[in-house]
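# Descriptive analysis of the structure
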Amino acid sequence: MSEGEHRPQPPGGASTKARLHIVTGKGGTGKTTVAAALAQALASGGGRVLLVEVEGRQGLATLLGVPPLPYEEREMISAPGGGTVCVLAADAESALLEYLEMFYGMRRAGQALNRLGAVDFATTIAPGLRDVLLTGKATEAVRRRRGARRRASDAPSTEPFHYDAVVMDAPPTGRIAQFLNVNSEVAGLARAGPIRNHADRVMEVIRSGGTRVHFVSVLEEMPAQETRDGIAEISALGIRVGVVLVNMVRPPLLDEPGLVAAADGGPDLHALSAGLKEAGLDDPEELAAALAGEVRAHALRVRLERRVRIGLEDLGRPLLELPLLEGGVDRAALDLLARRLIDQGVRR
Amino acid sequence: MTSRASERLDVDALVDDPRTRIIVCCGAGGVGKTTTAAALGLRAAERGRHTVVITVDPARRLAQSLGLASLDDTPRPVPLPEEATGSMHAMMLDMKRTFDEVVREHADPERARQILANPFYQTLSTSFSGTQEYMAMEKLGQLRQSGDWDLIVVDTPPSRSALDFLDAPKRLGRFLDGRLIRFLSAPAGTGAFRLLGAGFNLVASTIGRIVGAQFLNDLRAFVSAFETVFGGFQERAERTYRLLQAPGTAFVVVAVPETDAMREASYFIERLATDAMPLAGLVINRTHPLPEGPAARLDADRATSAAEFLEQAGSSLPAAALRLHADRVRVRERENRLREALVSAHGGVRVAEVAALPEDVYDLPGLRGIGESLAFADRGR
């Protein structure tokens, strides 16, 4: 598949054809929720998607309202129009043991290493090793084909892929470039040998046309700035940037002239108190003064949000929007977010 | 259990008390820790303390407003208005430089050179998960010992887990003193190998196969050179840990009124209690208190039905204002529930709230405003 990443892309177009979707975002922007909604959207209409979390926070379990998840790919969410999302909480220790068993058949040695503290060692001293194990798990799932027992290369390459797509709930924007640049992270420590080869293979998948890094932001200055910085860093590594997902968007409650007036001098107090009086509310004048403050703050916020949005549009990536959900996110809300993504063109 | 009303965290009493020597701000990522730390430092300085704020990764504009052009590990004076009775410095942590200093201090020049040049040290000092946390604590210990400041405010690093800075020194110690590292670095035929018995060859060859021989050689060189400075490291880490438990330290847990951040705050409060670390209270940033007066008494349902009535009458501004108010009341109710749940779960932890501002804060007047909200804010309804 040849990638025309220099051509302008249709809305949501960055999601098509990609099979590894890496979702990052500043803390507090709802990255985990968006990753889950994206997985669900990509699975809709009969697909099979793996959703992986890599930070050991059990954020997906919390989101789905289930007990902590084990290191195991489990079917947990059904997508609109049929389709399945499997969920995996990946941790570096289990990934290393699995890696040893899968590639070397070394179950016993792996356990011995674990007892010695080698796993703790490998995953603590060098976050590069930790990261390569975690990204390695995701890339293995990307390459895995149906009919394969464990290893990606077991089955003939004519078999269809086991997963149509893999979505990773990745580390926050501040760490994403380092996390994905596993090659150089490992290079300083392991200049040759299997870990190095493994890192090279992982990097190949991450740099391929089938991988996209999506950024979650909200309409505030700092998350937008981090998105800008993150996109620059990821592009510099030769990794493809997908879409910018603007989360927690609130619709403005006033029309344009109303917003301008409210932001500049405050809303028309007279019109406000007359209306409140008409509605039969107590103390219309005093109430109008209090509500005017709320209206002005809202108008200022809308103005700031617009400025931030223009900045995000200037990044030249497709912008997808998700609404703010009052009262937190449950499965029904996740469903709604997935549908919003589908409406905006997200599909396999 | 019925929820009890939370008591207010008295920020001025905290920063004015000369016995408060260290304030550590901690909490999940994205909750405004750095801003809170800077605002507390500024308020303390303007009320007469000689304050230094250690930040780890401030937003660029906030750093600029604090006079921090680069990450240079040196406390820089923050220009305060004339009427300020204290002083304020701010510094950005350079973890590698701090680590290098510690090595130089504890090793003779030749050994220090060997350590600093070893690829393992390079990794350890720049990307060991926990180095940043460890070095933030090391820097805290250094500044405390220097006696140049009477109040140190620490902004903790945005970690994988908010608790990393408590665990990092121990983890680094455990790693450097661990069985594996001793085993890998021991010459063949010594006791460490015999202890492992028959399993040894298998394990050694496994490690060799996975990481390559060069890796093992670098590691051996690193461990033998580091051995001499290691005792000093452990000791320093323990001293800093004890410093955190001392009565002059106050932890301020920072959160925003959202489920995840409040859960993390709750977890943190528990952990501080387990480690016998003194908690001053909880700061909740970006809250949405209701304005005083009749607006506070107008509930969401009443506001919504009035808005519907006015929409039919074609009165759009008052209708929009009422809808906005109804939203705000619902948001506030949720915030109150989150706060009271946390307070009742943690035996009446003290709380200060900072109302959401329409725009981000990145200058001294903005920080001063936050300091004032922290100190005066009525908890709201």
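Please read all numbers here as calculations on a predicted model, not as lab measurements.

## Notes on the domain arrangement of chain A
Residues and elements named next belong to chain A.
- The domains assigned to chain A are domain 1 (13-250 + 324-343) and domain 2 (254-316).
- Listed by partner, the interface residues are 13 residues for domain 1 and 8 residues for domain 2.
- Contact between domain 1 and domain 2 buries roughly 970 Å² in total, counting both sides, with carbon and sulfur atoms accounting for 66%.
- When the buried area of domain 1 at its contact with domain 2 is split by residue, L219, R228 and R250 rank highest and sum to 53% of it.
- Scanning the region where domain 1 abuts domain 2 turns up 0 salt bridges.
- Counting across the interface, domain 1 meets domain 2 through 0 residue pairs in polar contact (both at pLDDT 80 or more).

## Some remarks on the confidence of the model for chain B
Residues and elements named next belong to chain B.
- Per-residue pLDDT for chain B averages 82, and the proportion of residues at 70 or more is 79%.
- Across chain B, the secondary-structure element scoring lowest on mean pLDDT is helix α10 (residues 191-196), at 46, and the one scoring highest is helix α1 (residues 11-16), at 96.
- Overall, residues 191-198 carries pLDDT values under 50, and its contacts beyond four positions in sequence, including any with other chains, amount to 9 contacts.
- Scored by ipTM, the complex comes to 0.77, with pTM at 0.82.

## A word on the sheet that holds strand β8 (residues 319-323) of chain A
Residue and element names in this part refer to chain A.
- In spatial order, the strands read β3-β4-β2-β5-β1-β6-β7-β8; together these 8 strands make up an open sheet with mixed pairing. Of all strands in the sheet, those bounded by a partner on one side alone are β3 (74-78) and β8. Across the sheet, the mean angle separating the axes of adjacent strands is 25° when strand polarity is ignored.
- As paired elements, strand β2 (residues 47-53) and strand β5 (residues 165-169) share 5 bridges and run parallel to each other. The residue of β5 that forms the bridge with E53 is D169.
- Here helix α1 (residues 31-43) sits on the sheet and contacts β1 (20-25), β2, β3, β4 (83-89), β5, β6 (211-217), β7 (241-249) and β8; the angle it forms with β5, its principal contact strand, is near 175°.

## Looking at the pattern of salt bridges
- In the structure shown here, the tally under the stated rule is 39 salt bridges over all chains.
- Ionic pairing is found between A:K137 and A:E140, a salt bridge with its closest N-O pair at 3.2 Å. Of the two residues, A:K137 and A:E140 are both situated in helix α6 (residues 127-143); the distance of 3 residues between them amounts to about one turn of the helix. For the pair A:K137 and A:E140, a shared accessibility class is recorded, and that class is buried.
- A salt bridge links B:R263 to B:D260, with the nearest nitrogen and oxygen atoms 3.3 Å apart. Placement of the pair is B:R263 and B:D260 together in helix α13 (residues 259-274), with a separation of 3 residues, close to one helical turn.
- A relative accessible area of 38% places B:R263 in the partly exposed class.
- Each member of the salt-bridge network shares a partner with another, and the members are A:K31, A:E55, A:R57, A:D169 and A:R175.

## Side note on helix α7 (residues 173-180) of chain A
- Taken together, the buried positions of α7(A) are occupied by A:T173, A:I176, A:A177, A:F179 and A:L180. Take α7(A) and look down its axis: the buried residues cluster within an arc of 165°, on one side only.

## A look at helix α5 (residues 109-117) of chain B
- Residues of α5(B) that are buried: B:A112, B:I115 and B:L116. For α5(B), the buried positions fall inside an angular range of 95° around the axis, keeping them on one side.

## Comments concerning empty space enclosed by the protein
Residues and elements named next belong to chain A.
- Considering all chains together, one arrives at 5 cavities of 30 Å³ or more under this definition.
- Considered as a void within the structure, the second largest cavity measures approximately 100 Å³ in volume.
- Lining the second largest cavity we find Y71, A95, E98, Y99, M102, F103, L133, G136, K137, E140 and H198.
- Listing elements by their share of the lining of the second largest cavity, those giving two or more residues are α3 (92-104) and α6.
- Class assignment of the residues belonging to the lining of the second largest cavity gives a composition of 6 nonpolar, 2 polar and 3 charged.

Each value, and the rule that gives it
- Residues numbered from 1 in each chain as written.
- Chains lettered and ligands numbered in written order.
- Predicted model: local features only at pLDDT ≥ 70, side-chain atom pairs only at ≥ 80, totals over all residues.
- Heavy atoms only, no water.
- Domains from an automatic or database assignment.
- Contact = heavy atoms within 4.5 Å.
- Buried area = accessible area lost by both parts, 1.4 Å probe.
- Salt bridge = Lys/Arg side-chain N within 4 Å of Asp/Glu carboxyl O.
- Polar contact = N/O pair within 3.5 Å; in protein donor to acceptor, adjacent residues only side chain to side chain.
- pLDDT = per-residue confidence, 0-100.
- Helix = DSSP H or I, 4+ residues; strand = E, 2+ residues; numbered from the N terminus.
- Pairing = 2+ DSSP bridges.
- Axes fitted to C-alpha atoms, helices over the stretch in contact; angles between N-to-C directions.
- Buried < 20%, exposed > 50% of the residue type's maximum accessible area, 1.4 Å probe, protein only.
- Arc of directions from axis to C-beta.
- 1 Å grid on protein atoms, 1.4 Å probe; cavity = no way out; pocket = protein on both sides within 12 Å on 5 of 7 lines; lining within 4 Å.
- Points joined across faces, edges and corners; volume = space filled by probe spheres on them.
- Nonpolar A, V, L, I, M, F, W, Y, C, P; charged D, E, K, R; others polar.

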